[in-house]
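Overview (structure and organization)
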Amino acid sequence: NMNLGQIHTVYFLGIGGIGMSALARYFNFHGAEVFGYDKTSTPLTRELQSEGISIHYSPDSNAIPSKTDLVIVTPAVPKSNPEWAAIEERNLPVMKRAQVLGLISDSGKCLAVAGTHGKTTTSAILSHIMKTHFAEVNAFVGGVMSEGNTNFLYAKNQPFFVAEADEFDRSFLNLNPHIAAINSMDADHLDIYGGHGALVDSFKAFARRVDEKGVLIVKYDLISHFEGLKTAVLSFGFDTNSDYMPKKICVIGGRFQFDLKHPNGEIADLTIGLPGRHNIENATAASAIALNVGVSEESIKKALASFQGVKRRFETFGNINKVVYIDDYAHHPEEIKRVLETTRELYPTKKLTVIFQPHLFSRTKDFEAEFADILGQFDELILLPIYPAREEPIPGVSSEIMLKKVNNDNKQVIEKEDVVDSLNLNNLEVVLTLGAGDIDTIVEPIKSLVG
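Here's what I pulled together on the structure shown here. As the structure is a computational prediction, the values presented were derived from the model and not from experiment. (Residues numbered from 1 in each chain as written. Predicted model: local features only at pLDDT ≥ 70, side-chain atom pairs only at ≥ 80, totals over all residues. Heavy atoms only, no water.)

Moving on: the nonpolar core. The biggest cluster of nonpolar side chains holds 44 residues, and the ones touching the most others in it are Phe12, Phe27, Ile72, Phe140, Ile182 and Phe226. Looking at this core, the element that brings in the most residues is helix α1 (residues 18-29), giving six residues. Core analysis: the next-biggest nonpolar cluster, separate from the first, contains 41 residues, Leu274, Ile280, Ile300 and Leu304 among them. (Core = buried A, V, L, I, M, F, W, Y, C linked by side-chain atoms within 4.5 Å. Buried < 20%, exposed > 50% of the residue type's maximum accessible area, 1.4 Å probe, protein only. Helix = DSSP H or I, 4+ residues; strand = E, 2+ residues; numbered from the N terminus.)

In this section: helix α4 (residues 97-105). When you tally the buried positions in α4, you get seven out of nine residues, the bulk of the element. Looking only at α4, the buried set comprises Arg97, Ala98, Val100, Leu101, Gly102, Ile104 and Ser105. On the buried face of α4, the contacting elements are α1, β4 (70-73), β5 (94-96), β6 (109-114), β7 (138-145) and β9 (160-165). (Contact = heavy atoms within 4.5 Å.)

One can find Thr364 in helix α11 (residues 361-366). Taking the relative accessible area as the measure of exposure, Thr364 reaches 1% and is therefore buried. At 2.7 Å, the side chain of Thr364 forms a polar contact with the backbone oxygen of Leu360. When sequence neighbours within four positions are dropped, the list of residues in contact with Thr364 reads Pro358, His359, Phe371, Ile386, Val397 and Met402. (Polar contact = N/O pair within 3.5 Å; in protein donor to acceptor, adjacent residues only side chain to side chain.)

It is worth spelling out the packing of aromatic side chains at this point. Enumeration over the complete set of coordinates arrives at 14 aromatic pairs. Considering the side-chain rings of Tyr26 and Phe140, the 5.8 Å spacing of their centres and the 50 degrees angle between planes classify their relative orientation as tilted. Here Tyr26 is found in helix α1, whereas its partner Phe140 is found in strand β7, with 114 residues between them in sequence. Considered together, Tyr26 and Phe140 belong to a single accessibility category, that of buried residues. Site record: aromatic cluster; members linked through ring pairs are Phe12, Tyr26, Phe27, Phe29, Phe140, Phe152, Tyr154 and Phe161. Sitting above the plane of the Trp84 ring, Lys79 keeps its charged end 3.7 Å from the centroid. Over the ring of Phe238 we find Arg277, and its NZ or CZ is 5.0 Å from the ring centre. (Phe/Tyr/Trp six-rings, centres within 6.5 Å; stacked < 30°, edge-to-face > 60°. Lys NZ or Arg CZ within 6 Å of the ring centre and 35° of its normal.)

With that settled, the discussion passes to the sheet that holds strand β20 (residues 411-413). One key point about sheets: their strands pair by backbone hydrogen bonds, in either a parallel or an antiparallel sense. Taken together, the six strands give an open sheet; going across it, the order is β16-β17-β21-β18-β19-β20, and neighbouring strands pair in mixed fashion. Because the sheet does not close on itself, it has two edges, and the strands there are β16 (315-318) and β20. Neighbour-to-neighbour, the strand axes of the sheet open up by a mean angle of 15 degrees, direction not taken into account. With four bridges joining them, strand β18 (residues 352-356) and strand β19 (residues 380-383) adopt parallel strand pairing. Residue Thr353 lies in a different strand from β19, and its bridge partner there is Glu380. Here helix α10 (residues 333-346) sits on the sheet in contact with β17 (324-328), β18 and β21 (430-434), set at roughly 160 degrees to β21. Of the strands in this sheet, β16, β17, β18 and β21 touch helix α15 (residues 443-450), which is tilted by about 170 degrees from β17. (Pairing = 2+ DSSP bridges. Axes fitted to C-alpha atoms, helices over the stretch in contact; angles between N-to-C directions.)

Next up on the list: the environment of Leu270. Mapped onto the fold, Leu270 is located in strand β15 (residues 265-272). A C-alpha to C-alpha distance of 25 Å links Leu270 and Ile326, two positions 56 residues apart in sequence. The contact partners of Leu270, leaving out residues within four places of it in the chain, are Phe256, Gln257, Phe258, Leu260, Ile300, Lys301 and Leu304.

Before going further, it helps to spend a moment on the side chain of Thr231. Counting through the fold element by element, Thr231 comes out in the loop between β11 (215-219) and β12 (232-236). Here Thr231 falls in the buried class, since its relative accessible area comes to 6%. Within polar-contact distance, the side chain of Thr231 engages the backbone oxygen of Asp211 at 3.3 Å. If sequence neighbours within four positions are ignored, Thr231 has contacts with Val210, Asp211, Glu212, Gly214, Val215 and Leu216.

Together, Glu334, Glu341, Glu345, Glu370 and Asp373 line one region of the surface with negative charge. Elements that contribute at least two residues to the negative patch include exactly α10 and α12 (368-375). On the basis of relative accessible area, Glu334 is assigned to the partly exposed category, the value being 30%. (Patch = residues over 30% accessible without salt bridge, like charges linked within 9 Å, V, L, I, M, F, W, Y side chains within 5 Å. Areas by Shrake-Rupley, 256 points an atom, 1.4 Å probe, with all protein chains shown as cover. Salt bridge = Lys/Arg side-chain N within 4 Å of Asp/Glu carboxyl O. Lys, Arg positive; Asp, Glu negative; His and termini not counted. Charge placed at Lys NZ, Arg CZ, Asp CG, Glu CD.)

The next point concerns the pattern of salt bridges. Applying the stated criterion across every chain, the model contains 15 salt bridges. Put simply, Asp259 and Lys248 hold a salt bridge, and the shortest N to O gap is 3.7 Å. Of this pair, Asp259 sits in strand β14 (residues 255-262) while Lys248 sits in strand β13 (residues 245-252), placing them 11 residues apart in sequence. Judged by relative accessible area, Lys248 falls into the exposed class, the value being 61%. Across the pair Asp379 and Arg344 runs a salt bridge, and its minimum N-O distance is 3.5 Å. With a gap of 35 residues between them, Asp379 in the loop between α12 and β19 and Arg344 in helix α10 connect regions that are remote in the sequence. Accessibility expressed as a relative area gives 27% for Arg344, which makes it partly exposed. Taken together, the shared-partner salt bridges in this structure form one network comprising Arg25, Glu47 and Glu51.

Structure (structure tokens):
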């Protein structure tokens, strides 16, 4: 039973993760002393250091302050890390990242965004809408918002907390949302769940945690899973029976324009600068939550028009006359499919070269056929070795083995270190880097290359 007011010194084991760093910023903002370990120095950890947070990069149990009130951990750091032993030996209070997020958001009204895809963009849009209307909002987003270059927003006088609700490791069962949205439930994280049924059960358990006086907003084709809840359930999506439905969609000057039907009326002529029809759905889900907490139609219109996006979510560089470069976090076959569809829509005549770093041996094994199928639909494929994250290798699972199953003659496996040198600008029209591992370290070099 941790009380937020009693936490004056906090230690993060794995401070560089996107969710962990947002919590570190929260405690730092509230005047706690914040310390942490991560195995690699990244732009994000260096930003944390410039904000006054103390970080070290090789395990050192002496770096854990003696007066630590709370240690916050992430499943990404294995138990074999020597700092774990020191933490247990000293009997320090330990909480998982997700538990701490629950504790913090319980101090206000939690607006939670869940789903196997789209939750980061939806959370970021919702945060921007709330900030536009109320001037401030508390937000913990699983990506770096382009505006303000941060994954964390803080409000002094607002009760609302926008929280991205992560299904990995059943983390989202630590939240008690006032309002929640669920925008997809595709099979993923089968290393945790075993099968798709268990994943769906977990989302149902999450739905039961939503305040009975609140609202659950669900993508229309998933609504049958959420019958019999005491909480009101509303739907969103392109289906004409949806409670929140985008309509009259058209593209004007490279931006989507649409009207939004909602239970109490309609908002005309909304515009958003994000490519891909799935982002209209993300904007619809975010708008639905906002309308349920008293945000005006005018604020929604203004916020969607000015939303700048999220880093590594279809982030586009370069010049249409030369090489176009797109970087995206896609690491699941469905996400790659969306990126491919959006890219083909924008650049129908261009040659598409994809550089993909598979994330996790288990996911590569579970979806090998689906990965091979979708990756084969690009014009050229460069595969990097699998990024292991928290896992040990699995025999018979590798990028080389997956490459053999890709039906495309224009394919090869290249080490990450050698990729940039292997690119020939004369052969490139649209180049994409996709993946959730450390592929982001080659983004800046490729940006310089395409210039």
